[in-house]
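# Observations on the model geometry
If you want the building blocks of each chain, they are given just below.
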Amino acid sequence: LLFGFMVALWRNYLDAREIRHRIAATTTTAADLGAGGGSGFGRGFGTDDRVPNADPTPAVTEASFAASDPTNPRELRNRQTTTPKPKPKSRIASAITPPAVRTVSLSYPDPFAKPLRTGCEPEPPDPSLPGPRRLDWIADPLATADADWPVNCGGHETLCDVLRKTAIDREVLAAVADSHAPGVYEFVDGIRRLGVDNFLIIALDDAIHKRLTDTGVASYRVANDAQGSHKISAQKFRIIQEFVERGCSVLLTDTDVAWMRNPFPFLYRDADVESMSDGWDNSSAHGFLDTVDDPSMGPDGRKRARAFRVAALNSGMWYVSATEASRRLMAIMAHRMATEDKLWDQAGYNLELWFASRDAHGTAGATVRVMDPLCFVNSKVMFRFIRHNQPALSKENHQPVAMHANYHTDKAQKMKLVYQYYTNGAGIDVLNCDVGCGPDLKTTHELESKVQHSINDGIVGSKKWTDATEGM
């Protein structure tokens, strides 16, 4: 008993000393981040002592320093008139008191709402919110000198040589193609006219590799016997994994994309993946909660369930940061495409990015940003929204970065019309068309109104989402 009593006293002493250290550390950190100046940031945002080596984001740090600027008259006045808080009676009680959290008023912007916002320049981060976590770069820009980049070049000397000559700021615009791809050379010429120097083609046969090399276009030859557009698309995850593991970020594009501007100034680079959306309005592009009606749960519980719904991210226009999470994503997708015969590359890509880990399957953990749907545009938005919202979205007021001709079957023609309007001086009437071009865009619920009961019953009555899909 005496021994136990002595051990208890010793543990209480150690606990008290640890609490004193924590209080001192918290006070110092709060002062460094300007918490005393009313910025609203304290231990909660990147400075918790439970997270070693956590560094506050630049947005948080800058906002906090600005708020606690001693030369600011308002700040000085606030400090002079603030009544000092009385000292707490107990250090232990103070240590366990939860920190005050400032309420954040957050609203999500709707790019399709009027008045329409023009321009594609990235929005600055909200200074009242913590920034995203720092990406887990494979070749950390703060730790890997340019002279030592690319990295992990053993056995990949050819690719590393291409990247040293082509990449700018450790990133490239790339397309996977063979010589049979429709309009591939016109696609290449369009990008060359924009002056995008860090552009290359991942060539799947000798014919296109030779032609591009002879005309001064960077090309990386990959041995591949895939035939057909979907088979070729299935290979791109393994190929992009090779780029990412060398520390090179990739803006991947299909060849049915009309590029009107150099895309690199319009990327955020704050997520592992930035992707174009197949959505055509705010809810479809960014997601919404849908009510599931299950009468068997009784009148009070039948509509309590919600389902998250969002349009697919398009694997024909997406930016992959060279991070560990992106590497895992590419490795998982390469494996799935090689082992699942019926898996479509875009379906698998969305399953891995949107679905959570479950059972024995762990997802890559990649973060996602949806590209601005009025800047990185699908053809439904171009011909059914931008075309009909003039002059607000006329080329004089708003110029998209690119359009993917993914909704329309006459891809080459739609790309030609877009080039004529945005780059060749034609008027808006050149975008006139008959099929899939009307202004009467409908929401998801409006499109599904006649079959909503079937969709709902499929979700409620099935045990697997795949069964529900087959039922619909």
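Each remark here, short or long, concerns the structure printed above.
Figured I'd write up the structure that's included with this text. (Residues numbered from 1 in each chain as written. Predicted model: local features only at pLDDT ≥ 70, side-chain atom pairs only at ≥ 80, totals over all residues. Heavy atoms only, no water.)

## Details of the packing of helix α6 (residues 184-194) against helix α7 (residues 206-214)
Rule in force here: Here the axes come from fitting lines to C-alpha atoms, over the contacting stretch only for helices, and the angles between their N-to-C directions go from 0 to 180 degrees. Strands are runs of DSSP state E lasting at least 2 residues, helices are runs of H or I lasting at least 4, and numbering of each runs from the N terminus. Here the word oblique covers every angle except those under 35 degrees (roughly parallel), over 145 (roughly antiparallel) and from 65 to 115 (roughly perpendicular). Here a crossing is called left-handed whenever its near helix is offset anticlockwise from the far helix by less than a right angle, and right-handed whenever the offset is clockwise. Every residue pair with non-hydrogen atoms within 4.5 Å of one another is taken to be in contact. Classification used: nonpolar for Ala, Val, Leu, Ile, Met, Phe, Trp, Tyr, Cys and Pro, charged for Asp, Glu, Lys and Arg, polar for all others including Gly.
Close contact between α6 and α7 brings their axes to 12 Å; oriented N to C, the two are set at 30°. In terms of their interaxial angle, α6 and α7 are classed as roughly parallel. In the packing of α6 onto α7, the handedness of the crossing is right-handed. Taken together, the residues of α7 that come into contact with α6 (itself represented by V184, Y185 and V188) are A207, I208, R211 and L212. For the contact of α6 with α7, the class distribution of residues is six nonpolar, no polar and one charged.

## Quick word on the sheet that holds strand β11 (residues 376-378)
The cut-off we apply is this: Two strands make a pair as long as DSSP finds a minimum of two bridges between them.
On the basis of which strands lie adjacent, the open sheet formed by three strands has the order β5-β12-β11 and mixed pairing. Looking at which strands have only one partner, the edges of the open sheet turn out to be β5 (257-259) and β11. Within the sheet, the average angular offset between the axes of one strand and its neighbour, ignoring direction, is 20°. Alignment of β11 against strand β12 (residues 402-404), held across three bridges, turns out to be parallel. From the neighbouring strand, F376 faces β12, where its bridge partner is A402. Packed on one face of the sheet, helix α13 (residues 411-422) meets β5 and β12 and runs near 10° to β5.

## Let's talk about the environment of L163
Note on placement: L163 falls in helix α5 (residues 157-166). Along the backbone, L163 and Y220 are 57 residues apart, and their C-alpha atoms lie at a distance of 9.3 Å. If we skip the residues at most four places from it in the chain, L163 touches W149, P150, V172, F243, R246 and C248.

## A few points about the side chain of E171
Basically, it comes down to this: With a 1.4 Å probe rolled over the protein chains alone, any residue whose accessible area is under 20% of its type maximum counts as buried; one over 50% counts as exposed, and the rest are partly exposed.
Structurally, the position occupied by E171 is in strand β1 (residues 171-177). For E171, a relative accessible area of 7% translates into the label buried. Residues contacting E171, with those up to four places away along its chain left out, are N198, C248, S249, F264, R269 and Y319.

## Examining the packing of helix α12 (residues 379-386) against α13
Relative to each other, α12 and α13 sit at 55°, their axes nearing to 12 Å. Considering their axes alone, α12 and α13 lie oblique with respect to each other. In this structure, α12 crosses over α13, and the sense of that crossing is left-handed. Between α12 and α13, the residues in contact are M382, F383 and I386 and K414, L417, V418 and Y422, respectively. Per-class residue counts for the contact of α12 with α13 are six nonpolar, no polar and one charged.

Distances and angles like these do not, on their own, reveal function.
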